[in-house]
Structure formats: structure tokens, C-alpha cells
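# Chains, contacts and geometry: an overview
Next come the chains, spelled out residue by residue.
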Number of protein chains: 2
Amino acid sequence: MHRVKVRVVEDALDANNTIARANRDDFDRNGVTVVNIMSAPGAGKTTLLERVLRDGVEGLRVGVLEGDVQGSLDADRLAHLHIPVTQLNTDSGFGGECHLDANMIRSALPTLPLADIDLLVVENVGNLVCPAEFRIGEDARMMVSSVAEGDDKPLKYPLMFRACELVVLNKMDLLPHVDFDVDRFRHFLDQVHPGVTVLETSARTGEGIEELRRWFASLPDRAVAPA
Amino acid sequence: MHRVKVRVVEDALDANNTIARANRDDFDRNGVTVVNIMSAPGAGKTTLLERVLRDGVEGLRVGVLEGDVQGSLDADRLAHLHIPVTQLNTDSGFGGECHLDANMIRSALPTLPLADIDLLVVENVGNLVCPAEFRIGEDARMMVSSVAEGDDKPLKYPLMFRACELVVLNKMDLLPHVDFDVDRFRHFLDQVHPGVTVLETSARTGEGIEELRRWFASLPDRAVAPA
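Presented here is an overview of the structure given in this document. Numbers given for residues are sequential positions, taken from 1 along each chain in its written order. Chains carry letters and ligands carry numbers; both start at the beginning, A for chains and 1 for ligands, and go up in the order they are written. A pLDDT threshold of at least 70 governs which residues receive local features in this predicted model, and a stricter bar of 80 or more applies before side-chain atom pairs are shown or counted, although totals over entire chains, interfaces and linings include all residues. Remark: hydrogens and water are excluded; side-chain values derive from all non-hydrogen atoms of the structure.

Right, let's talk about helix α8 (residues 209-218) of chain B for a bit. Residues and elements named next belong to chain B. Here α8 has its buried residues at I209, L212, R213, W215 and F216. What you see down the axis of α8 is that its buried residues fit within an arc of 155°, all on one side. Lining the buried residues of α8 we find β1 (33-39), α2 (45-54), β4 (119-123), β5 (140-146), β6 (166-170) and β7 (197-200). Residue exposure (1.4 Å probe, protein chains only): buried if accessible area is under 20% of the type maximum, exposed if over 50%, otherwise partly exposed. Runs of H or I in DSSP of at least four residues are treated as helices and runs of E of at least two as strands, each being numbered from the N terminus. Think of the arc as the fan of directions from the helix axis to the C-beta atoms. Two residues qualify as a contact provided that any one of their heavy atoms is within 4.5 Å of a heavy atom in the partner residue.

All right, on to the packing of aromatic side chains then. Within a pair of aromatic rings, the relevant descriptors are the distance that separates the centres and the angle that separates the planes. All names here are of chain B. Two aromatic rings, drawn from Phe, Tyr or Trp (for Trp, its six-membered ring), form a pair once their centres lie within 6.5 Å of each other, and the interplanar angle then sorts them: stacked below 30 degrees, edge-to-face above 60, tilted otherwise. This model, assessed by the stated rule, comprises six aromatic pairs over all chains. Residues F161 and F185 carry aromatic rings whose centres are separated by 6.0 Å and whose planes lie at 70° to one another, so their mutual orientation is edge-to-face. One end of the pair, F161, is in helix α6 (residues 158-162); the other, F185, is in helix α7 (residues 182-192), with 24 residues separating them in the sequence. Like F185, F161 is buried. Between F180 and F185, the ring centres sit 5.5 Å apart and the planes meet at 40°, which makes this aromatic pair tilted.

Counting residues at the interface gives 46 residues for chain B and 46 residues for chain A. One side-chain nitrogen of Lys or Arg within 4 Å of one carboxyl oxygen of Asp or Glu is enough to make a salt bridge. Counting the contacts that link chain B with chain A gives six salt bridges. We note a salt bridge from D68(A) to K156(B), for which the minimum N-O separation is 3.3 Å. A 3.5 Å cut-off defines polar contacts: any pair of N or O atoms within that distance qualifies, except that in protein one atom must be a possible hydrogen donor and the other a possible acceptor, and neighbouring residues in sequence count only when both atoms are side-chain atoms. In this structure, the connection of chain B to chain A is made through 13 residue pairs in polar contact (both at pLDDT 80 or more).

This part covers the nonpolar core. Across soluble globular proteins, you tend to see nonpolar side chains buried next to one another. One finds V167(A) and V167(B) to be the most contacted residues of the largest nonpolar core, which totals 58 residues. At the level of elements, α6 (158-162), β6 (166-170) and α7 (182-192) of chain A together with α6, β6 and α7 of chain B are the ones that each hand at least two residues to this core. For V167(B), the contacting residues outside a window of four places in its chain are M143(B), F161(B), F185(B), L189(B), V196(B), T197(B), V198(B) and L199(B). Among the buried residues, those of types Ala, Val, Leu, Ile, Met, Phe, Trp, Tyr and Cys that are joined through side-chain atoms within 4.5 Å form a nonpolar core.

This part takes up the sheet that holds strand β5 (residues 140-146) of chain A. Residues and elements named next belong to chain A. By the convention used here, strands pair only if DSSP detects at least 2 bridges between them. The sheet built from seven strands is open, its strands ordered β3-β2-β4-β1-β5-β6-β7 with parallel pairing. Sheet topology places β3 (85-89) and β7 (197-200) at the edges, where each strand pairs with a single neighbour. Each strand of the sheet is rotated relative to its neighbour by a mean of 20°, with strand direction disregarded. Relative to β5, strand β1 (residues 33-39) runs parallel, the two being bridged by five bridges. Comment: axis = line fitted to C-alpha atoms, over the contacting stretch for helices; angle = value between 0 and 180 degrees taken between N-to-C directions.

Time to look at unusual backbone geometry. Residue and element names in this part refer to chain A. Residue K171 is not a glycine yet carries a positive backbone phi of 60°. Checked against the element boundaries, K171 lands in the loop between β6 and α7. Classification of K171 by relative accessible area gives buried; the value is 15%.

With that settled, the discussion passes to the pattern of salt bridges. Summed over the entire model, instances satisfying the criterion amount to 32 salt bridges over all chains. The closest approach of N and O atoms between R213(A) and D55(A), which form a salt bridge, is 3.6 Å. Of the two residues, R213(A) sits in helix α8 (residues 209-218) while D55(A) sits in the loop between α2 (45-54) and β2 (62-68), which places them 158 residues apart along the sequence. R213(A) sits in the buried class, given a relative accessible area of 12%. Residue classification places D55(A) among the exposed residues on the basis of a relative accessible area of 57%. In this structure, R204(A) and D179(B) form a salt bridge, with 2.8 Å as the shortest nitrogen-oxygen distance. Taken together, the residues span two chains, with R204(A) in the loop between β7 and α8 and D179(B) in the loop between β6 and α7. Residue class for R204(A) comes out partly exposed when judged on its relative accessible area of 45%. For D179(B), a relative accessible area of 64% corresponds to the exposed category. Members of the salt-bridge network, linked through shared partners, are E50(A), D68(A), D74(A), R77(A) and K156(B).

Encoded structure:
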């Protein structure tokens, strides 16, 4: 039973990777760098983006692709930034997909202003499991973990923490009010992804926002993740 | 493309429901009531369970089934309660399933001490999308949302908030430190699931714990959700 299931999943992931490579080629041809942002629901991805993009990312024209099961709440929140924002919904007749995949991104390509941007920021569906399994044609992956979620998350969702080039530890302003041990978190993270870059941030206090903006600005200079 | 996908998903959900009904029959035969607890990662399900089960649930022998992608951190945390705790991992050769399904529960049935418990508490994988789509043979479903996740979650994950009989709004102790408007949350919840029972809780202060314990205690007296 499980063997068959694994086979089916492998086939699906293989097809996904093929489409992801096609996306990547299209992004490359247009000189667009793509970052895929993942997290659990409510880790603060959108608020971080608002803070980072508010004052622009040095030298880069940025566009955003918002992935959500339903609605356009996040896209609406970014409207005041006056940058191109596209909403992609994953619900199509059933409960909704819990992640973006390469084919969804492919279907959105015609609506993206690739000629007018240098950096495309994709905000994935809030989920710590499946988004890590589906490449979309991105150059880099960043994941956000909030201190309110607990310091055991790297051990519980190892693939997610392993699949990214940057781990952002967010809502640092809540640290005094929650049972979260930063050393313990970093120790667990070290077990699943030794040496990964970690940034500690708070959209409330501004902690780490400048560093995150610099990380975004550096993305076109490195092609990190294989498509 | 999407039509085919929906068809495949419908077939999978149909097969799942068939197995869920078989599970439900087995639970009924053994006089076991089953509650399926769902939430985003880090919403506080395990800590709530620790608080509620620590002093027992009136008149009921309780067992727990912990669902996680990997590891047994949560099961280990409950070990001190001296009740039967079973760990179920969803990773089997690939990245891991983002939810429990009826067949996984079925495979765990032989390891569950059904004759010795009255209430089986199933802690699902942390995820606000797919767990809501897969019935496991439960009598009731409860979902936990933490105030740290933001008050827009009912609109972003409507199926999850619609699929449960109880919404627990957790980490109420963090309310002074986060941008969360309880009235807004309840207003949004009312749009997707009018009239659903809501409990406000905090494992830290003990707020709502007694009410939650009473809800658990009342479960055998009502067979709420269809299998």
C-alpha cells in the first residue's frame, strides 16, 4: 500500500520538477529572480513583506505573487505598496490545495509583469509540510518561523527547515511572553540543516528588517536552489 | 486539467470516507468516542491537552493518538500523564503526509487499547488545510487557533473553521502583545460557520481549561459528526 503511494507521489513530484524547470527558464529569460516564502499560517509573512518592501529593495523592481487557498486578504494588504501584486487561489472545486505547485505558477505566468520586475516574491500557502516538497521554479527559498509556534518546530517539520536557504525567526518581540528558547531552536535547526543562515526579526520593533532587506537585495547575485 | 484533478481528489476522498465509516463502526463497537483535534503548527494543541488531561476528564478513560510527520516529541510530552499514548508518523519514504487520513488511523487500530478507553483524542498534523478534508471516523472535530496567528484566519482557511464543532481560541494570555481583535475574529468566524461554539483558552493562565474539560466530558453523550 505504502509502496504504491510513494510511487504515485514520486511521479507527481517528477512532473512538478519538469514544470518548475520550465518556469525557471522563463524567469531566467526575463531576468527575474524568484524567492519562495513559506511558513505556518500566521507566522507573519505578509507583515514582514510589508515592512521590507515599504521602502523598496535597493536597485530592484519587486513584484509579489500571493498564494492562498481562498480570498485576496494578503494581496489587498500589500496594495498600498504600489507594486505589482497578483493573487493566486488554490481552491478549485474541493477544499483547496495546501501548497503552490509549479503548474499553478505556470498558469499565473501570463498575468505576471515579468518584463517590469527584477525580483518576484512568492508568498506560499501557510503550511509547514507540502510547500517544501513542490519546487515552483524559484532561485531561493526562505521560511519564516514565529517564536509563538514553539522551539521544537525544526524537529517536527524537518523537510521544511532543510529545504530553505534562509530561516527567519519572527515575532522576536513576543519572546518575553512565550516559552521559547532561542538556543534550543538553533540547536534543533542545526540537527536538520547545519549552517543555514538565520535572521531574527520583528515587524513590530523593526529588528532584523534591514538585514532581511539586504538578503532580498543580494538574491539576483546568487542562483542558489536548483529548479 | 483542473477538472481531472478534482475528479481524482473526489475519488480519494470517497475512498477515505469508506474507510472512515469502517473505523467509526469499530470505535462504536468498542464504545469509544473519538475527537479529532486540528490546528496550525504551534497553536498549542499538545499543551492544551496536557492541561485538560492532567486532572482527568470526569468519568472517562482517555487515550491519545498523536499524529506527526516525524518524531515522537508530542507523545513524549504526554508520557507523564500515565494514559495510553500512541504515536503515528506520516512520513513513509517521501516528505511526509500533511494530515492524517482514515487509512492511517485504520493501520493504527490494532495498537490502540480500544477496550480500555472511553474517549480517544486524536491530535492531527499541524495544518489548516488538508486535515479538514479527511474524515478519520471521528465523532467530533475541534480546531485550535492561536491569537498569535492573526484574526483573519477564518477567512483564509474557511473549510477548517467550517468542518469543526468547536473552535478554541488559544493563547489568550498573548492578547495584549499582538494585533488581534477578538470581535473581528468572531465576526469572520460567523461568516464561515455561524453559531459554532467558541471557547477562549490559555494553558498559561488556565483560562477556559475547565470549560474545555467539560466539553470533552460531554462528547460521549452526543454523536455529532457523520463518519
